[in-house]
Amino acid sequence: MTKYERQGESRKFDPNFKGPIQNRGCTDILCCILFIIALMGYFAVGILAWSQGDPRKVIYPTDSRGQFCGQAGTKKPFLFYFNILKCASPLVLLEFQCPTTQLCVERCPDKHLTLMKAKLGSNEDRQYYQQYCKEAVDFTKVSSPEILRDGLCPAMLMPSKAFTRRCLPALGTRKGGVVVVGNETTFDDGQGVSINATDVLEASKKSNVVVEARQVAMRIFEDYTQSWHWILLGLVIAMVISLIFIVLLRFLAGIMVWVMIVLVILVIGYGIFHCYMEFASLKGEPGSDVTIRDLGLQTDFSVYLQIRQTWLAFMIILAIVELIIILLLIFLRKRLLIAIALIKEASRAVGHVMSSLFYPLLTFALLAVVIAYWAITAVFLSTSNEQVYKVFNNSECAYARQTCDPKTFNTSNISAQCPDAECLFAFYGGETLYHKYLILLQFYNVFLFFWCANFVTALGQVTLAGAYASYYWAFKKPEDIPAYPIFSSLGRALRYHTGSLAFGSLILSMVQVIRVILEYLDQKLKGAQNRFAKFLLSCLKCCFWCLEKCIKFLNRNAYIMIAIYGKNFCTSARDAFFLLMRNIIRVAVLDKVTDFLLFLGKLLIVGIVGIFSFFFFSGRIKAVEQAAPSLNYYWVPILTVVVGSYLIAHGFFSVYAMCVDTLFLCFCEDLERNDGSSERPYFMSPELHEILSKTKRQKSEAW
């Protein structure tokens, strides 16, 4: 007796029956309204941020007058420090701004020259020096003491190079590790004091606390500019291979699954062999026995590939992965045939709904819009602060480090009491109501990003589930399948179930935001000594990670039930959960083994594309060695291609995964509603009914 018979439903077969429920109504209307209001607020935050923000604050450095160096139309793109040694002050680490006059210049100085030498030197020296003074300074008529007293010009110039639009000392080393600037180890600061190049090194490091990170970032950006077209080609190849695999699965599902299994084992086996050969070739090489711990963090990551321990670690990791896959295949050998049969049935469904293969492109496009809107809004919010000026001085002053107004500073009491004080740009901030609640706007931006991204994913899952459900519940296939199943399913989802999708996405987004907050707290507590707090935080992170995975699983099956029945989210989630619990053996035998086989397919595509990209970008293919770009880090395009290939393969194979999950739930529902008689015949195909028979025979096995 089925569940429906127990509930008193006496159903007879209707040849026009297209699903468990044909008449639909709007679900979770309250959450739909809440989602629309949240989106309107999100657009309002974006408009407010775009009206207040200025991305030039991120792109261009700011001089002491609050002007941007290098903005469009200017001939002065570089920021010049009057006294780079003041950048060694702890104030730099607190306010990220050197307590010295900063000026936008056309080019960085390339020679050592003091103010006195320039005044007494040739006309060429005076003209050269004057370009590093403040505007409207008559270098020839004002005496040197007056220039230094009023801070009109720097006391000294030293050889510098432009880095991240800033003029930093041209530091180098001689034999023996002696630090030099240009070719000199000491300098005259223009006031009779000798400066050591080591002091300049410390000051230049603190003038930009993220100089090393920016240097790596600039090199990575340069690599992208050199290799973007090859990266794009690699992603196109990954897309073509994924499409070929999907098409071959449609016609040769059984053969392709076994081919995937064998090729995955061979690809990982080759990776183990390659790592061993690299490990063996480095034996006896100078410096190859250095450990990763001794090497520390290096900005040039290619250094790690020159030590044996790196290749040994790669080899061990790949060997463990290979062993796990082989053991899983051995233990699941009896279930593989059943899972392959389910993939064959899914291939038939995909063949009748071929447009579903291209639906992930719409999901990618919508996600790209969501990500772009979030990123742009975040940049504008982070740059919507106002310029804050503070008093900087050399001698004692009661107003030191207080805020000031550069327009009225010269007529204020501060300049009278502190003659050597200057009102210079310090940082970006603000005291208005908008600036006080800026952190809340950033949080709202992050929360809506998660909500919108999860909604787009949910929309894709419901659309695909509805299309495949219409295939399953068509008694005569393919005659009873709707003409445009994807468009029909998308229309139903948007018209009736936007609220349910928003409800499920909201629950998942709340958990994800909590995880982000926990990660933020973890970063803040890294230097703390409270072990209990660290332990508690680790437990919370683990619990919420598990909770997120459970919610994603429940949401996915709830969306399938929404597509089939058209009920609200909570009812659909409850029905999906109990339906899966009533068929827990089939879930283990069919659904999860099929997911494992599809994962092997994604792994194979990533492995093939990754191996070819490694040999190409590392210049190991002699035939195309000249075509390979010259890169700082050849792992940058390789890693990009690998990650991109996985996302592309995941997009294509997610169609199959959604098809399998939908057919599985429809199949379980069909079993409970019908008994195969003439009055209540099965909607499943004979092949799918054969899968059922096999799973029944396996109930007695030790699952």
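Residues numbered from 1 in each chain as written. Predicted model: local features only at pLDDT ≥ 70, side-chain atom pairs only at ≥ 80, totals over all residues. Heavy atoms only, no water.

As recorded in an unreviewed UniProt entry, the protein chain goes by Choline transporter-like protein and comes from Mastacembelus armatus. Here is the UniProt Sequence similarities (unreviewed entry) comment for the protein chain, exactly as written: "Belongs to the CTL (choline transporter-like) family." (UniProt positions renumbered as here; feature names shortened; annotations may be inferred.)

Things to note about the pattern of salt bridges
Summed over the entire model, instances satisfying the criterion amount to six salt bridges. Notably, a salt bridge pairs Asp 575 with Lys 567, separated by 3.7 Å at the nearest N-O pair. Each of Arg 515, Glu 548 and Lys 552 takes part in one network of salt bridges that share partners. (Salt bridge = Lys/Arg side-chain N within 4 Å of Asp/Glu carboxyl O.)

With respect to the UniProt feature "transmembrane region" (unreviewed entry) in the protein chain
Per the UniProt annotation, the sites labelled "transmembrane region" (unreviewed entry) are residues 29-50, 228-248, 255-273, 311-332, 353-376, 448-475, 596-619 and 631-658. For residues 353-376, the helix share is 75%, the strand share is 0%, and the end-to-end C-alpha distance is 37 Å. (Helix = DSSP H or I, 4+ residues; strand = E, 2+ residues; numbered from the N terminus.)

Describing the packing of helix α17 (residues 438-472) against helix α20 (residues 531-565)
Running from amino to carboxyl end, α17 crosses α20 at an angle of 50°, the nearest separation of the two axes being 8 Å. Considering the angle they form, α17 stands oblique to α20. As α17 packs across α20, the resulting crossing turns out to be right-handed. Packed against α17, whose contacting residues are Ala 458, Gln 461, Val 462, Ala 465, Gly 466 and Ala 469, the element α20 presents Arg 556, Tyr 559, Ile 560, Ala 563 and Ile 564 at the interface. (Axes fitted to C-alpha atoms, helices over the stretch in contact; angles between N-to-C directions. Parallel < 35°, antiparallel > 145°, perpendicular 65-115°, else oblique. Left-handed = near helix turned anticlockwise from the far one by under 90°. Contact = heavy atoms within 4.5 Å.)

Things to note about α20
The end-to-end C-alpha separation of α20 is 50 Å, in line with the 51 Å expected for 35 residues at 1.5 Å each. One or two residues past the end of α20 sits Gly 566, with phi positive at roughly 85°. (Expected span 1.5 Å × (residues − 1).)

Structural notes on the pairing of strand β2 (residues 102-105)
Note on strand geometry: in a regular strand, side chains alternate between the two faces of the sheet. Residues Gln 102 and Cys 104 of β2 are buried on one face, and the alternating residues Leu 103 and Val 105, pointing to the opposite face, are buried as well. Of the pairings in the sheet, the one linking strand β1 (residues 78-81) to β2 comprises four bridges and is antiparallel in character. Looking at the pairing, Phe 80 lines up with Leu 103 of β2. (Buried < 20%, exposed > 50% of the residue type's maximum accessible area, 1.4 Å probe, protein only. Pairing = 2+ DSSP bridges.)

Things to note about helix α21 (residues 569-582)
Helical geometry note: an α-helix holds 3.6 residues per turn, so side chains three or four residues apart project in the same direction. With 14 residues, α21 extends 20 Å from end C-alpha to end C-alpha; this agrees with the ideal 20 Å at 1.5 Å per step. Within the span of α21, buried status applies to Phe 569, Thr 571, Ser 572, Ala 573, Asp 575, Ala 576, Leu 579 and Leu 580. N-capping of α21 is provided by Asn 568, with a side-chain oxygen placed 3.4 Å from the backbone N of Cys 570. (Polar contact = N/O pair within 3.5 Å; in protein donor to acceptor, adjacent residues only side chain to side chain.)

Here we look at the side chain of Thr 662
Relative to the elements of secondary structure, Thr 662 occurs in helix α23 (residues 635-673). Excluding residues within four positions of it along the chain, Thr 662 makes contact with Ala 465, Tyr 468, Ala 469 and Ile 560.

Focus on empty space enclosed by the protein
Evaluated as defined, the whole model comprises two cavities of 30 Å³ or more. In this structure, the second largest cavity encloses a volume near 40 Å³. Lining the second largest cavity are Arg 24, Val 462, Ser 489, Arg 492, Ala 493, His 497, Ile 562 and Ala 563. Listing elements by their share of the lining of the second largest cavity, those giving two or more residues are α18 (485-496) and α20. If you tally residues by element for the lining of the second largest cavity, the top one is α18, at three residues. Class assignment for the residues of the lining of the second largest cavity results in four nonpolar, two polar and two charged. (1 Å grid on protein atoms, 1.4 Å probe; cavity = no way out; pocket = protein on both sides within 12 Å on 5 of 7 lines; lining within 4 Å. Points joined across faces, edges and corners; volume = space filled by probe spheres on them. Nonpolar A, V, L, I, M, F, W, Y, C, P; charged D, E, K, R; others polar.)

Points about the state of the cysteines
Linking two cysteines covalently via their sulfur atoms produces the bond known as a disulfide. Throughout the structure, instances matching the rule amount to three disulfides. Residue pairing for Cys 69: its cysteine sulfur links by disulfide to Cys 104, the two sulfurs lying 1.9 Å apart. Taking the torsion about the S-S bond as the criterion, the Cys 69 to Cys 104 disulfide, at about -80°, is left-handed. Placement of the pair is Cys 69 in the loop between α3 (56-59) and β1 and Cys 104 in strand β2, with a sequence separation of 35 residues. You'll find Cys 69 and Cys 104 in the same group, each marked buried. Covalently, Cys 133 is tied to Cys 153 through a disulfide, its sulfur atoms 2.0 Å apart. Negative torsions about the S-S bond denote left-handed disulfides, and the value of about 115° found for Cys 133 with Cys 153 makes this one right-handed. Of this pair, Cys 133 sits in the loop between α6 (123-130) and α7 (144-150) while Cys 153 sits in the loop between α7 and β4 (156-157), and the two are 20 residues apart along the sequence. You'll find Cys 133 and Cys 153 in the same group, each marked buried. (Disulfide = S-S within 2.5 Å.)

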